[in-house]
Amino acid sequence: MSIIKNVNLWGKGLTNLSIDDGNDNIIDAEGRIAFPAFYDMHVHLENALSLKDTGENESGTLQEAVERWAKIRDSLSVEDLKNRIKKAIILEIFNGVTHIRTHADTCSKNLNSVKASVEVKEEMKDLVDIQVVAFPEQGVFNCDEKGFYEAVEISDIIGGKPDGEDNEDLGKKQLELISYLSIKFKKSIDSHIDQGDEPTRFSEYLLGLKNNHVALSHLTSIHSDSDEYVSRLIKLIKKRNATVISSPLTTVFLNGRFDNYPKRRGLTRIKQLLREGVNVSLGHDDFQNPFFPFGYGDILQALWLAILMEQASLKEAEEWINLITKNSEKEWILSTNEKPSEDLVILDAKSLKEQFSTLSPRFMVIRKGKIVAYSNRSGEVIIGGNKINPYSLIEP
(Lines give C-alpha, C1' and ligand atoms only; values in the text may rest on other atoms or scores of the structure.)
Protein backbone atom coordinates (compact mmCIF):
# COMPACT_ATOMS: atom_id res chain seq x y z
CA MET A 1 0.00 0.00 0.00
CA SER A 2 1.37 3.40 -1.02
CA ILE A 3 0.86 6.57 1.02
CA ILE A 4 0.51 10.03 -0.51
CA LYS A 5 1.01 12.43 2.36
CA ASN A 6 0.30 16.13 2.78
CA VAL A 7 -2.47 16.38 0.21
CA ASN A 8 -4.63 19.51 0.49
CA LEU A 9 -7.98 17.93 -0.34
CA TRP A 10 -10.44 20.47 -1.81
CA GLY A 11 -8.26 23.16 -0.22
CA LYS A 12 -9.69 22.33 3.20
CA GLY A 13 -6.56 21.07 4.92
CA LEU A 14 -3.79 18.49 4.71
CA THR A 15 -4.50 14.78 4.75
CA ASN A 16 -2.83 11.52 3.79
CA LEU A 17 -4.17 9.19 1.10
CA SER A 18 -3.73 5.42 1.00
CA ILE A 19 -3.58 3.60 -2.33
CA ASP A 20 -3.90 -0.16 -2.40
CA ASP A 21 -1.60 -0.59 -5.39
CA GLY A 22 0.59 -3.42 -4.16
CA ASN A 23 3.54 -1.08 -3.61
CA ASP A 24 5.13 0.29 -0.46
CA ASN A 25 5.88 3.88 -1.51
CA ILE A 26 5.57 7.15 0.38
CA ILE A 27 4.98 10.18 -1.84
CA ASP A 28 5.00 13.66 -0.38
CA ALA A 29 2.50 15.95 -2.12
CA GLU A 30 3.97 18.89 -0.16
CA GLY A 31 0.63 20.59 0.31
CA ARG A 32 -0.53 20.40 -3.30
CA ILE A 33 -4.26 20.89 -3.73
CA ALA A 34 -6.48 18.02 -4.88
CA PHE A 35 -9.98 17.72 -6.34
CA PRO A 36 -12.24 15.03 -7.73
CA ALA A 37 -10.90 14.12 -11.17
CA PHE A 38 -12.12 16.41 -13.91
CA TYR A 39 -14.91 16.03 -16.45
CA ASP A 40 -14.76 17.00 -20.12
CA MET A 41 -18.46 17.30 -20.89
CA HIS A 42 -18.18 18.18 -24.57
CA VAL A 43 -15.47 16.87 -26.87
CA HIS A 44 -15.08 15.31 -30.31
CA LEU A 45 -12.47 12.63 -29.74
CA GLU A 46 -12.60 11.11 -33.22
CA ASN A 47 -11.26 14.22 -34.95
CA ALA A 48 -8.79 15.32 -32.31
CA LEU A 49 -5.19 15.56 -33.56
CA SER A 50 -6.38 15.58 -37.19
CA LEU A 51 -5.05 19.00 -38.25
CA LYS A 52 -2.12 17.56 -40.21
CA ASP A 53 -4.61 15.56 -42.26
CA THR A 54 -7.34 18.17 -42.74
CA GLY A 55 -5.11 21.19 -43.23
CA GLU A 56 -5.65 24.52 -41.51
CA ASN A 57 -9.03 26.21 -41.43
CA GLU A 58 -8.12 29.30 -43.46
CA SER A 59 -11.35 31.23 -42.87
CA GLY A 60 -11.60 30.18 -39.23
CA THR A 61 -15.31 29.50 -39.66
CA LEU A 62 -17.37 26.57 -38.41
CA GLN A 63 -18.51 25.85 -41.96
CA GLU A 64 -14.98 25.39 -43.30
CA ALA A 65 -14.04 23.30 -40.27
CA VAL A 66 -16.93 20.91 -40.93
CA GLU A 67 -16.07 20.69 -44.62
CA ARG A 68 -12.40 19.95 -43.95
CA TRP A 69 -13.24 17.22 -41.44
CA ALA A 70 -15.88 15.69 -43.73
CA LYS A 71 -13.35 15.37 -46.57
CA ILE A 72 -11.17 12.94 -44.63
CA ARG A 73 -13.79 11.43 -42.30
CA ASP A 74 -15.08 8.71 -44.59
CA SER A 75 -11.58 7.52 -45.53
CA LEU A 76 -10.98 6.47 -41.91
CA SER A 77 -11.71 2.95 -40.78
CA VAL A 78 -13.09 2.03 -37.36
CA GLU A 79 -9.55 1.06 -36.30
CA ASP A 80 -8.15 4.38 -37.58
CA LEU A 81 -10.73 6.25 -35.55
CA LYS A 82 -10.20 4.10 -32.47
CA ASN A 83 -6.48 4.83 -32.54
CA ARG A 84 -7.13 8.56 -32.79
CA ILE A 85 -9.71 8.42 -29.98
CA LYS A 86 -7.34 6.51 -27.70
CA LYS A 87 -4.53 9.01 -28.26
CA ALA A 88 -6.87 11.85 -27.34
CA ILE A 89 -8.04 10.01 -24.22
CA ILE A 90 -4.46 9.48 -23.05
CA LEU A 91 -3.91 13.24 -23.25
CA GLU A 92 -7.13 13.91 -21.36
CA ILE A 93 -6.13 11.48 -18.59
CA PHE A 94 -2.70 13.12 -18.32
CA ASN A 95 -4.53 16.39 -17.74
CA GLY A 96 -6.68 15.00 -14.93
CA VAL A 97 -9.85 14.06 -16.86
CA THR A 98 -11.36 10.64 -16.14
CA HIS A 99 -14.94 11.35 -17.27
CA ILE A 100 -15.59 12.24 -20.93
CA ARG A 101 -18.70 12.97 -22.99
CA THR A 102 -17.76 12.54 -26.64
CA HIS A 103 -19.94 13.56 -29.59
CA ALA A 104 -19.57 10.92 -32.32
CA ASP A 105 -20.38 11.91 -35.89
CA THR A 106 -23.45 10.06 -37.19
CA CYS A 107 -22.73 11.33 -40.71
CA SER A 108 -19.58 9.19 -40.86
CA LYS A 109 -19.49 6.32 -43.37
CA ASN A 110 -21.14 3.19 -41.95
CA LEU A 111 -21.43 5.02 -38.62
CA ASN A 112 -17.70 4.36 -38.13
CA SER A 113 -17.23 7.27 -35.72
CA VAL A 114 -20.05 6.07 -33.50
CA LYS A 115 -18.97 2.43 -33.61
CA ALA A 116 -15.38 3.37 -32.81
CA SER A 117 -16.45 5.52 -29.86
CA VAL A 118 -18.68 2.79 -28.43
CA GLU A 119 -15.90 0.20 -28.74
CA VAL A 120 -13.31 2.43 -27.09
CA LYS A 121 -15.72 3.16 -24.25
CA GLU A 122 -15.66 -0.53 -23.39
CA GLU A 123 -11.97 -1.10 -24.09
CA MET A 124 -10.80 1.81 -21.90
CA LYS A 125 -13.39 1.61 -19.13
CA ASP A 126 -10.74 0.89 -16.51
CA LEU A 127 -9.07 4.21 -17.29
CA VAL A 128 -11.94 6.53 -18.12
CA ASP A 129 -15.74 6.82 -17.98
CA ILE A 130 -17.22 7.71 -21.37
CA GLN A 131 -20.65 8.84 -22.51
CA VAL A 132 -21.20 8.60 -26.27
CA VAL A 133 -23.51 11.12 -27.96
CA ALA A 134 -24.99 10.34 -31.39
CA PHE A 135 -24.14 13.65 -33.06
CA PRO A 136 -25.37 14.68 -36.56
CA GLU A 137 -22.50 16.96 -37.60
CA GLN A 138 -24.04 17.91 -40.96
CA GLY A 139 -27.64 17.47 -39.87
CA VAL A 140 -29.92 14.45 -39.74
CA PHE A 141 -31.67 15.08 -43.06
CA ASN A 142 -28.50 15.94 -44.98
CA CYS A 143 -27.05 12.55 -44.06
CA ASP A 144 -28.54 9.09 -43.57
CA GLU A 145 -31.68 9.46 -41.45
CA LYS A 146 -31.97 5.71 -40.94
CA GLY A 147 -28.33 5.61 -39.88
CA PHE A 148 -29.03 8.27 -37.28
CA TYR A 149 -31.70 6.05 -35.71
CA GLU A 150 -29.20 3.19 -35.56
CA ALA A 151 -26.60 5.46 -33.97
CA VAL A 152 -29.07 6.60 -31.33
CA GLU A 153 -29.78 2.99 -30.38
CA ILE A 154 -26.13 2.18 -29.65
CA SER A 155 -25.22 5.52 -28.05
CA ASP A 156 -25.81 6.76 -24.51
CA ILE A 157 -27.25 10.17 -25.38
CA ILE A 158 -29.05 11.68 -28.38
CA GLY A 159 -27.28 14.60 -29.99
CA GLY A 160 -28.56 17.33 -32.23
CA LYS A 161 -27.45 20.22 -34.41
CA PRO A 162 -30.45 22.06 -35.84
CA ASP A 163 -28.30 24.62 -37.63
CA GLY A 164 -26.72 21.73 -39.51
CA GLU A 165 -29.94 21.49 -41.53
CA ASP A 166 -30.62 23.60 -44.60
CA ASN A 167 -33.14 25.95 -43.02
CA GLU A 168 -34.92 26.81 -39.79
CA ASP A 169 -37.96 24.63 -40.52
CA LEU A 170 -35.77 21.56 -41.01
CA GLY A 171 -33.85 22.51 -37.87
CA LYS A 172 -37.08 22.46 -35.89
CA LYS A 173 -38.06 19.18 -37.54
CA GLN A 174 -34.75 17.73 -36.34
CA LEU A 175 -35.51 18.84 -32.77
CA GLU A 176 -38.94 17.24 -33.00
CA LEU A 177 -37.31 14.03 -34.19
CA ILE A 178 -34.71 13.83 -31.43
CA SER A 179 -37.42 14.61 -28.86
CA TYR A 180 -39.51 11.74 -30.23
CA LEU A 181 -36.47 9.43 -30.10
CA SER A 182 -35.73 10.62 -26.58
CA ILE A 183 -39.13 9.36 -25.43
CA LYS A 184 -38.99 6.19 -27.55
CA PHE A 185 -35.55 5.08 -26.33
CA LYS A 186 -35.77 6.71 -22.88
CA LYS A 187 -32.59 8.66 -23.48
CA SER A 188 -31.47 12.20 -22.74
CA ILE A 189 -30.57 14.88 -25.26
CA ASP A 190 -27.39 16.94 -25.60
CA SER A 191 -27.70 19.20 -28.62
CA HIS A 192 -25.33 21.69 -30.22
CA ILE A 193 -27.72 24.61 -30.25
CA ASP A 194 -27.90 28.35 -30.87
CA GLN A 195 -24.16 28.23 -31.43
CA GLY A 196 -23.69 31.14 -33.79
CA ASP A 197 -23.42 34.90 -33.31
CA GLU A 198 -26.86 35.89 -34.60
CA PRO A 199 -29.83 35.26 -32.27
CA THR A 200 -31.68 32.02 -32.96
CA ARG A 201 -34.48 30.36 -31.01
CA PHE A 202 -33.78 26.63 -31.23
CA SER A 203 -33.21 26.20 -27.47
CA GLU A 204 -36.58 27.69 -26.68
CA TYR A 205 -38.22 25.38 -29.22
CA LEU A 206 -36.46 22.24 -27.93
CA LEU A 207 -37.29 23.00 -24.29
CA GLY A 208 -40.94 23.42 -25.27
CA LEU A 209 -41.16 19.92 -26.71
CA LYS A 210 -41.92 16.71 -24.85
CA ASN A 211 -38.64 14.90 -24.22
CA ASN A 212 -36.36 13.66 -21.46
CA HIS A 213 -33.50 15.53 -19.81
CA VAL A 214 -31.91 18.17 -22.05
CA ALA A 215 -28.42 19.67 -22.16
CA LEU A 216 -27.84 22.74 -24.30
CA SER A 217 -24.32 22.80 -25.75
CA HIS A 218 -22.72 26.13 -26.68
CA LEU A 219 -25.72 28.52 -26.57
CA THR A 220 -23.43 31.32 -27.73
CA SER A 221 -26.09 33.33 -29.54
CA ILE A 222 -27.57 34.62 -26.28
CA HIS A 223 -24.61 37.00 -26.08
CA SER A 224 -26.35 38.86 -28.91
CA ASP A 225 -29.86 38.55 -27.48
CA SER A 226 -31.65 41.17 -25.41
CA ASP A 227 -31.54 40.86 -21.64
CA GLU A 228 -35.33 40.60 -21.64
CA TYR A 229 -35.33 37.56 -23.92
CA VAL A 230 -32.44 35.88 -22.11
CA SER A 231 -34.25 36.34 -18.80
CA ARG A 232 -37.26 34.51 -20.21
CA LEU A 233 -35.10 31.74 -21.67
CA ILE A 234 -33.27 31.21 -18.38
CA LYS A 235 -36.59 30.74 -16.60
CA LEU A 236 -37.46 28.04 -19.14
CA ILE A 237 -34.05 26.38 -18.72
CA LYS A 238 -34.56 26.28 -14.96
CA LYS A 239 -38.12 25.01 -15.30
CA ARG A 240 -36.85 22.07 -17.37
CA ASN A 241 -33.82 21.52 -15.10
CA ALA A 242 -31.66 21.65 -18.22
CA THR A 243 -27.88 22.01 -18.20
CA VAL A 244 -25.86 24.45 -20.29
CA ILE A 245 -22.49 23.19 -21.52
CA SER A 246 -19.97 25.77 -22.71
CA SER A 247 -16.82 25.08 -24.73
CA PRO A 248 -14.91 28.37 -24.63
CA LEU A 249 -11.76 27.34 -26.51
CA THR A 250 -13.49 26.33 -29.74
CA THR A 251 -16.39 28.78 -29.74
CA VAL A 252 -14.17 31.79 -29.04
CA PHE A 253 -11.93 30.64 -31.89
CA LEU A 254 -14.73 30.03 -34.42
CA ASN A 255 -17.29 32.70 -33.60
CA GLY A 256 -17.20 36.36 -34.55
CA ARG A 257 -15.62 35.56 -37.91
CA PHE A 258 -18.14 37.67 -39.81
CA ASP A 259 -17.68 40.64 -37.48
CA ASN A 260 -15.16 43.40 -37.88
CA TYR A 261 -15.35 45.52 -34.72
CA PRO A 262 -17.03 45.39 -32.29
CA LYS A 263 -16.48 41.63 -32.44
CA ARG A 264 -18.77 39.22 -30.62
CA ARG A 265 -17.14 36.96 -28.07
CA GLY A 266 -18.45 33.49 -28.95
CA LEU A 267 -19.32 32.53 -25.42
CA THR A 268 -22.55 31.93 -23.56
CA ARG A 269 -23.47 33.97 -20.49
CA ILE A 270 -21.75 31.71 -17.95
CA LYS A 271 -21.67 34.18 -15.09
CA GLN A 272 -25.34 35.14 -15.44
CA LEU A 273 -26.48 31.55 -15.85
CA LEU A 274 -24.64 30.50 -12.69
CA ARG A 275 -25.90 33.50 -10.76
CA GLU A 276 -29.49 32.61 -11.66
CA GLY A 277 -29.12 28.97 -10.61
CA VAL A 278 -28.58 27.16 -13.92
CA ASN A 279 -26.28 24.14 -13.91
CA VAL A 280 -23.32 24.99 -16.16
CA SER A 281 -20.45 22.68 -17.10
CA LEU A 282 -17.55 22.88 -19.54
CA GLY A 283 -16.04 20.98 -22.44
CA HIS A 284 -12.73 21.21 -24.29
CA ASP A 285 -14.63 20.49 -27.54
CA ASP A 286 -11.73 20.23 -30.00
CA PHE A 287 -7.97 20.15 -30.08
CA GLN A 288 -5.50 20.23 -32.93
CA ASN A 289 -8.14 19.92 -35.64
CA PRO A 290 -9.77 22.38 -38.08
CA PHE A 291 -12.25 23.48 -35.41
CA PHE A 292 -9.49 24.51 -32.97
CA PRO A 293 -5.83 24.16 -34.00
CA PHE A 294 -4.35 24.35 -30.51
CA GLY A 295 -4.67 22.55 -27.17
CA TYR A 296 -3.91 19.08 -25.90
CA GLY A 297 -6.92 17.96 -23.93
CA ASP A 298 -6.42 20.17 -20.88
CA ILE A 299 -9.87 21.11 -19.56
CA LEU A 300 -8.25 23.63 -17.21
CA GLN A 301 -7.35 25.70 -20.27
CA ALA A 302 -11.06 25.87 -21.11
CA LEU A 303 -11.87 26.90 -17.56
CA TRP A 304 -9.11 29.52 -17.56
CA LEU A 305 -10.44 31.07 -20.77
CA ALA A 306 -14.00 31.10 -19.41
CA ILE A 307 -12.76 32.94 -16.33
CA LEU A 308 -11.00 35.55 -18.47
CA MET A 309 -13.79 36.03 -21.01
CA GLU A 310 -16.47 36.31 -18.34
CA GLN A 311 -14.28 38.59 -16.19
CA ALA A 312 -14.75 36.41 -13.12
CA SER A 313 -13.39 37.63 -9.81
CA LEU A 314 -10.76 35.60 -7.98
CA LYS A 315 -13.46 34.28 -5.64
CA GLU A 316 -15.69 33.35 -8.59
CA ALA A 317 -12.75 31.74 -10.39
CA GLU A 318 -12.09 29.46 -7.45
CA GLU A 319 -15.77 28.53 -7.27
CA TRP A 320 -15.83 27.78 -11.00
CA ILE A 321 -13.75 24.64 -10.47
CA ASN A 322 -17.26 23.21 -9.98
CA LEU A 323 -17.85 23.60 -13.73
CA ILE A 324 -15.48 20.69 -14.35
CA THR A 325 -16.28 18.75 -11.15
CA LYS A 326 -19.55 19.01 -9.20
CA ASN A 327 -21.69 20.62 -11.90
CA SER A 328 -20.44 18.15 -14.49
CA GLU A 329 -21.11 15.21 -12.19
CA LYS A 330 -24.67 16.47 -11.76
CA GLU A 331 -25.19 16.60 -15.53
CA TRP A 332 -23.56 13.18 -15.95
CA ILE A 333 -26.01 11.58 -13.53
CA LEU A 334 -29.03 13.50 -14.83
CA SER A 335 -28.38 12.29 -18.36
CA THR A 336 -27.81 8.57 -17.80
CA ASN A 337 -28.60 7.86 -14.11
CA GLU A 338 -25.12 6.34 -13.84
CA LYS A 339 -22.80 7.42 -11.04
CA PRO A 340 -19.26 7.92 -12.33
CA SER A 341 -16.12 6.58 -10.69
CA GLU A 342 -14.81 8.66 -7.76
CA ASP A 343 -11.31 9.53 -8.95
CA LEU A 344 -8.84 12.18 -7.83
CA VAL A 345 -6.49 14.70 -9.41
CA ILE A 346 -3.69 16.41 -7.50
CA LEU A 347 -2.64 19.69 -9.07
CA ASP A 348 0.98 20.82 -9.20
CA ALA A 349 -0.04 23.88 -7.22
CA LYS A 350 -0.95 24.68 -3.64
CA SER A 351 -3.98 26.78 -4.56
CA LEU A 352 -6.28 27.40 -7.51
CA LYS A 353 -4.86 30.91 -7.80
CA GLU A 354 -1.43 29.39 -8.31
CA GLN A 355 -2.83 26.86 -10.79
CA PHE A 356 -4.57 29.54 -12.85
CA SER A 357 -1.39 31.64 -12.75
CA THR A 358 0.96 28.90 -13.94
CA LEU A 359 -1.36 26.55 -15.88
CA SER A 360 1.03 23.82 -14.75
CA PRO A 361 0.43 20.13 -15.60
CA ARG A 362 -1.18 17.79 -13.12
CA PHE A 363 1.01 16.34 -10.37
CA MET A 364 -0.93 13.08 -10.16
CA VAL A 365 -4.12 11.42 -11.39
CA ILE A 366 -5.64 8.57 -9.38
CA ARG A 367 -8.23 6.33 -11.01
CA LYS A 368 -10.03 3.60 -9.04
CA GLY A 369 -7.29 3.60 -6.44
CA LYS A 370 -4.40 3.44 -8.92
CA ILE A 371 -1.99 6.15 -10.08
CA VAL A 372 -2.61 6.43 -13.82
CA ALA A 373 -0.73 9.64 -14.62
CA TYR A 374 1.81 11.93 -13.04
CA SER A 375 4.07 14.86 -13.83
CA ASN A 376 6.22 17.32 -11.92
CA ARG A 377 7.16 20.81 -12.97
CA SER A 378 10.68 21.91 -12.22
CA GLY A 379 12.88 24.81 -13.16
CA GLU A 380 15.59 27.14 -12.01
CA VAL A 381 16.69 30.70 -12.60
CA ILE A 382 20.41 31.14 -12.00
CA ILE A 383 21.46 34.56 -10.71
CA GLY A 384 24.99 35.17 -9.50
CA GLY A 385 25.53 31.48 -9.04
CA ASN A 386 22.38 31.11 -6.95
CA LYS A 387 19.63 28.79 -8.14
CA ILE A 388 16.11 30.09 -7.62
CA ASN A 389 12.93 28.05 -8.12
CA PRO A 390 10.60 30.51 -9.87
CA TYR A 391 7.50 28.66 -8.69
CA SER A 392 8.47 29.37 -5.07
CA LEU A 393 7.92 33.07 -5.77
CA ILE A 394 4.22 32.60 -6.55
CA GLU A 395 1.97 33.28 -3.60
CA PRO A 396 -0.45 30.41 -2.93
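You'll find the structure just up there.
Cut-offs used in this document
- Residues numbered from 1 in each chain as written.
- Predicted model: local features only at pLDDT ≥ 70, side-chain atom pairs only at ≥ 80, totals over all residues.
- Heavy atoms only, no water.
- Helix = DSSP H or I, 4+ residues; strand = E, 2+ residues; numbered from the N terminus.
- Rg over C-alpha atoms; globule rule 2.2 N^0.38 Å.
- Contact = heavy atoms within 4.5 Å.
- Areas by Shrake-Rupley, 256 points an atom, 1.4 Å probe, with all protein chains shown as cover.
- Lys, Arg positive; Asp, Glu negative; His and termini not counted.
- Charge placed at Lys NZ, Arg CZ, Asp CG, Glu CD.
- Disulfide = S-S within 2.5 Å.
- Buried < 20%, exposed > 50% of the residue type's maximum accessible area, 1.4 Å probe, protein only.
- Axes fitted to C-alpha atoms, helices over the stretch in contact; angles between N-to-C directions.
- Parallel < 35°, antiparallel > 145°, perpendicular 65-115°, else oblique.
- Left-handed = near helix turned anticlockwise from the far one by under 90°.
- Nonpolar A, V, L, I, M, F, W, Y, C, P; charged D, E, K, R; others polar.
- Patch = residues over 30% accessible without salt bridge, like charges linked within 9 Å, V, L, I, M, F, W, Y side chains within 5 Å.
- Salt bridge = Lys/Arg side-chain N within 4 Å of Asp/Glu carboxyl O.
- Core = buried A, V, L, I, M, F, W, Y, C linked by side-chain atoms within 4.5 Å.
- Polar contact = N/O pair within 3.5 Å; in protein donor to acceptor, adjacent residues only side chain to side chain.
- Pairing = 2+ DSSP bridges.

### Here we look at the overall build of the chain
Along the backbone of the chain there are 14 helices and 17 strands. Over its C-alpha trace the chain gives a radius of gyration of 21 Å, about what one expects of a compact globule, namely 21 Å for 396 residues. Long-range contacts, defined as pairs at least 24 residues apart, comprise 73% of the intrachain contacts of the chain with a sequence gap of at least 6. By element, 49% of the accessible surface of the chain is carried by carbon and sulfur atoms, the whole surface being about 17,100 Å². Separation of charge centres in the chain, based on 49 positive and 60 negative side chains, amounts to 3 Å.

### Some remarks on the state of the cysteines
Enumeration according to the criterion identifies 1 disulfide in this entry. At a sulfur-sulfur separation of 2.1 Å, the disulfide partner of Cys107 is Cys143. Of note, the bridge from Cys107 to Cys143 carries an S-S torsion of about 95 degrees and is right-handed in sense. With a gap of 36 residues between them, Cys107 in the loop between β6 (97-105) and α4 (112-123) and Cys143 in the loop between β7 (129-135) and α5 (145-154) connect regions that are remote in the sequence. Overall, Cys107 belongs to the buried group, its relative accessible area being 9%. For Cys143, a relative accessible area of 26% puts it in the partly exposed group.

### Thoughts on the packing of helix α3 (residues 78-94) against α4
Direction vectors running N to C along α3 and α4 enclose 50 degrees, while the axes themselves pass 9 Å from each other. As summarised for this structure, α3 and α4 are arranged oblique, according to the angle between their axes. For the pair α3 and α4, the sense of crossing is right-handed. Between α3, through Val78, Leu81, Lys82, Ile85, Lys86 and Ile89, and α4, the contact on the second element is made entirely by Asn112, Ser113, Ala116, Ser117, Glu119, Val120 and Glu123. Considered class by class, the residues forming the contact of α3 with α4 number 6 nonpolar, 3 polar and 4 charged.

### Some words on a nonpolar patch on the surface
Judged by side-chain polarity, Trp304, Leu308 and Leu359 come together as a nonpolar surface patch covering roughly 240 Å² of accessible area. Relative to the helices and strands, Trp304 is located in helix α11 (residues 299-309). The class for Trp304 is partly exposed, based on a relative accessible area of 31%.

### Thoughts on the nonpolar core
Phe38, Ile89, Leu216, Ile237 and Leu303 are the most contacted members of the largest nonpolar core, which totals 88 residues. Top element by residues in this core is α11. It accounts for 8 residues. When sequence neighbours within four positions are dropped, the list of residues in contact with Ile89 reads Leu45, Ile100, Val120, Met124, Val128 and Ile130. Of all hydrophobic cores here, the second largest spans 11 residues; its members include Leu17, Ile19, Ala29 and Ile346.

### Things to note about the pattern of salt bridges
As enumerated under the stated definition, the model contains 29 salt bridges in all. In this structure, Glu64 engages Arg68 in a salt bridge whose closest nitrogen and oxygen atoms are separated by 2.7 Å. Taken together, the residues span about one helical turn, with Glu64 and Arg68 both in helix α2 (residues 62-73) at a distance of 4 residues. With a closest N to O distance of 3.7 Å, Glu204 and Arg232 form a salt bridge. Of this pair, Glu204 sits in helix α7 (residues 202-207) while Arg232 is found in helix α8 (residues 227-239), placing the two residues 28 residues apart along the sequence. Classification of Glu204 by relative accessible area gives partly exposed; the value is 28%.

### A look at the environment of Ala88
Within the fold, Ala88 resides in helix α3. Of the residues examined, Ala88 reaches a relative accessible area of 0% and is grouped as buried. In the structure, Ala88 is positioned 141 residues away from Tyr229 in sequence and 39 Å away in space, judged by C-alpha atoms. Those residues in contact with Ala88 that sit more than four places away from it in its chain are Leu45, Ala48, Leu49 and Phe287.

### Description of the side chain of Gln355
In this structure, Gln355 sits in helix α14 (residues 352-358). Residue classification places Gln355 among the buried positions, given a relative accessible area of 0%. Polar contacts involving the side chain of Gln355 include one to the main-chain carbonyl oxygen of Ser360, which spans 2.9 Å. Once residues within four sequence positions are removed from consideration, Gln355 is found in contact with Leu300, Leu347, Asp348, Ala349, Ser360 and Arg362.

### Quick word on unusual backbone geometry
Put simply, Tyr261 and Pro262 share a cis peptide bond, and its omega is 0 degrees. Even without being glycine, Asn110 reaches a positive phi, approximately 55 degrees. Within the secondary structure layout, Asn110 lies in the loop between β6 and α4. A relative accessible area of 51% means that Asn110 is categorised as exposed.

### Section: the sheet that holds strand β11 (residues 243-246)
A sheet is described by the order of its strands in space; here 8 strands give the open sequence β5-β6-β7-β8-β9-β10-β11-β12, paired in parallel fashion. Each edge of the open sheet carries a strand with a single partner, namely β5 (38-43) and β12 (279-282). For this sheet the average axis-to-axis angle between neighbouring strands, irrespective of direction, equals 25 degrees. Pairing geometry for strand β8 (residues 157-160) and strand β9 (residues 189-193), over 3 bridges, is parallel. Residue Ile158 lies in a different strand from β9, and its bridge partner there is Ile189.

### Remarks on α11
Among the 11 residues that make up α11, 8 are buried, leaving the element largely enclosed by the rest of the structure. Measuring from the side-chain oxygen of the N-cap residue of α11 to the backbone nitrogen of Leu300 gives 3.0 Å; that N-cap residue is Asp298. Trailing α11 by a residue or two, Gln311 shows a phi angle of about 55 degrees, which is positive.

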